[in-house]
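The residues making up each chain are set out below.
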Amino acid sequence: DQQVKQNSPSLSVQEGRISILNCDYTNSMFDYFLWYKKYPAEGPTFLISISSIKDKNEDGRFTVFLNKSAKHLSLHIVPSQPGDSAVYFCAATLGNSGGSNYKLTFGKGTLLTVNP
Amino acid sequence: DGGITQSPKYLFRKEGQNVTLSCEQNLNHDAMYWYRQDPGQGLRLIYYSQIVNDFQKGDIAEGYSVSREKKESFPLTVTSAQKNPTAFYLCASSRDGYEQYFGPGTRLTVT
């Protein structure tokens, strides 16, 4: 049973445009969410996170939106750059409500390609 | 430079042999993790450890073993009981159980 789902295996956008990566979750106990970026044959790097007490968190070109009622979050990258081309993983954990359970549940990832 | 190191980058073994993957961190993080990545599968948790001398099974622990004798080190042994050991293995650490920081990974090929 996949608790974190990234339904789009791939996404292609033009340089300078907005990239929107989506993530859905089924476990209503999740209340802390993270996005990671991964290049081939490398470890993932942490991008941005959001706790359930917020609906938006912004860091430079990256913004994460959380819709708790829909159990949906999205990562917006504006403007997109060719160096953003990578696999993006959404992850979720039990966070603020009861302290971390020390486990992240990952989606399967979305391959973003930004074309020059 | 603080970080996580995994060695070697590439590892080749014959079927039936046990192999140990190294993971070391100098971030002073209490928690450490092992994941496996297969094409199209995302990251799946093998084992994790919240403190020294303690560890828990993740979602796919069968055929693997770990130890946590030192805070800095969390080696993973892939035993001959693991049916599909060929994969990309990632080690991570975390200060508080939220953000996890990953090493560069080890590509294990078993033939």
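About the criteria used
Residues numbered from 1 in each chain as written. Chains lettered and ligands numbered in written order. Predicted model: local features only at pLDDT ≥ 70, side-chain atom pairs only at ≥ 80, totals over all residues. Heavy atoms only, no water. Contact = heavy atoms within 4.5 Å. Buried area = accessible area lost by both parts, 1.4 Å probe. Salt bridge = Lys/Arg side-chain N within 4 Å of Asp/Glu carboxyl O. Polar contact = N/O pair within 3.5 Å; in protein donor to acceptor, adjacent residues only side chain to side chain. Helix = DSSP H or I, 4+ residues; strand = E, 2+ residues; numbered from the N terminus. Disulfide = S-S within 2.5 Å. Buried < 20%, exposed > 50% of the residue type's maximum accessible area, 1.4 Å probe, protein only. Pairing = 2+ DSSP bridges. Axes fitted to C-alpha atoms, helices over the stretch in contact; angles between N-to-C directions. 1 Å grid on protein atoms, 1.4 Å probe; cavity = no way out; pocket = protein on both sides within 12 Å on 5 of 7 lines; lining within 4 Å. Points joined across faces, edges and corners; volume = space filled by probe spheres on them. Nonpolar A, V, L, I, M, F, W, Y, C, P; charged D, E, K, R; others polar. Patch = residues over 30% accessible without salt bridge, like charges linked within 9 Å, V, L, I, M, F, W, Y side chains within 5 Å. Areas by Shrake-Rupley, 256 points an atom, 1.4 Å probe, with all protein chains shown as cover.

1. Examining the interface of chain A and chain B
On the side of chain B, 23 residues touch chain A, which itself brings 24 residues to the contact. For the pair chain A and chain B, the summed buried surface comes to about 1900 Å²; carbon and sulfur atoms form 60% of the total. At the surface where chain A touches chain B, the tally comes to zero salt bridges. Our count for the chain A to chain B interface comes out at five residue pairs in polar contact (both at pLDDT 80 or more). Where the side of chain A that touches chain B is concerned, the elements lending two or more residues are β4 (32-38), β5 (45-51) and β9 (86-93) of chain A.

2. Some remarks on the state of the cysteines
Each disulfide consists of a covalent bond between the sulfur atoms of two cysteine residues. Applying the stated criterion across every chain yields a total of two disulfides over all chains. Through a disulfide, C23 of chain A is tied to C90 of chain A; the S-S separation comes to 2.1 Å. In this structure, the disulfide formed by C23 of chain A and C90 of chain A twists by about -75 degrees around the S-S bond and is classed as left-handed. Here C90 of chain A lies in strand β9 and C23 of chain A lies in strand β3 (residues 19-25), a separation of 67 residues in the sequence. Considered together, C23 of chain A and C90 of chain A belong to a single accessibility category, that of buried residues. Between C23 of chain B and C91 of chain B runs a disulfide, and the two sulfur atoms are separated by 1.8 Å.

3. Re the sheet that holds strand β1 (residues 4-7) of chain B
Residues and elements named next belong to chain B. Strand order across the open sheet formed by four strands is β1-β3-β8-β7, with antiparallel pairing between neighbours. Two strands lie at the open edges of the sheet, namely β1 and β7 (64-66), each paired on one side alone. Ignoring which end each strand starts from, the neighbouring axes of this sheet average 20 degrees apart. Bridge analysis of strand β3 (residues 19-25) against strand β8 (residues 76-78) gives three bridges, and the strand direction is antiparallel. For V19, the partnering residue across the bridge sits in β8 and is V78.

4. Some points on the layout of surface pockets
If you add up the space inside the largest pocket, you get close to 460 Å³. Only β10 (105-106) of chain A together with β5 (42-49) of chain B provide two or more residues apiece to the lining of the largest pocket. Ranked by residues supplied to the lining of the largest pocket, first place goes to β5 of chain B with four residues. When grouped by side-chain class, the residues that make up the lining of the largest pocket number nine nonpolar, nine polar and five charged. Size it by volume and the second largest pocket reaches roughly 270 Å³. The biggest single contributor to the lining of the second largest pocket is β9 of chain A, with three residues.

5. With respect to a nonpolar patch on the surface
Residue and element names in this part refer to chain A. On the surface, I18, I20 and V78 cluster together into a nonpolar patch covering about 220 Å² of accessible area. Secondary-structure assignment places V78 in the loop between β8 (72-77) and β9. Assessed through its relative accessible area of 42%, V78 is described here as partly exposed.

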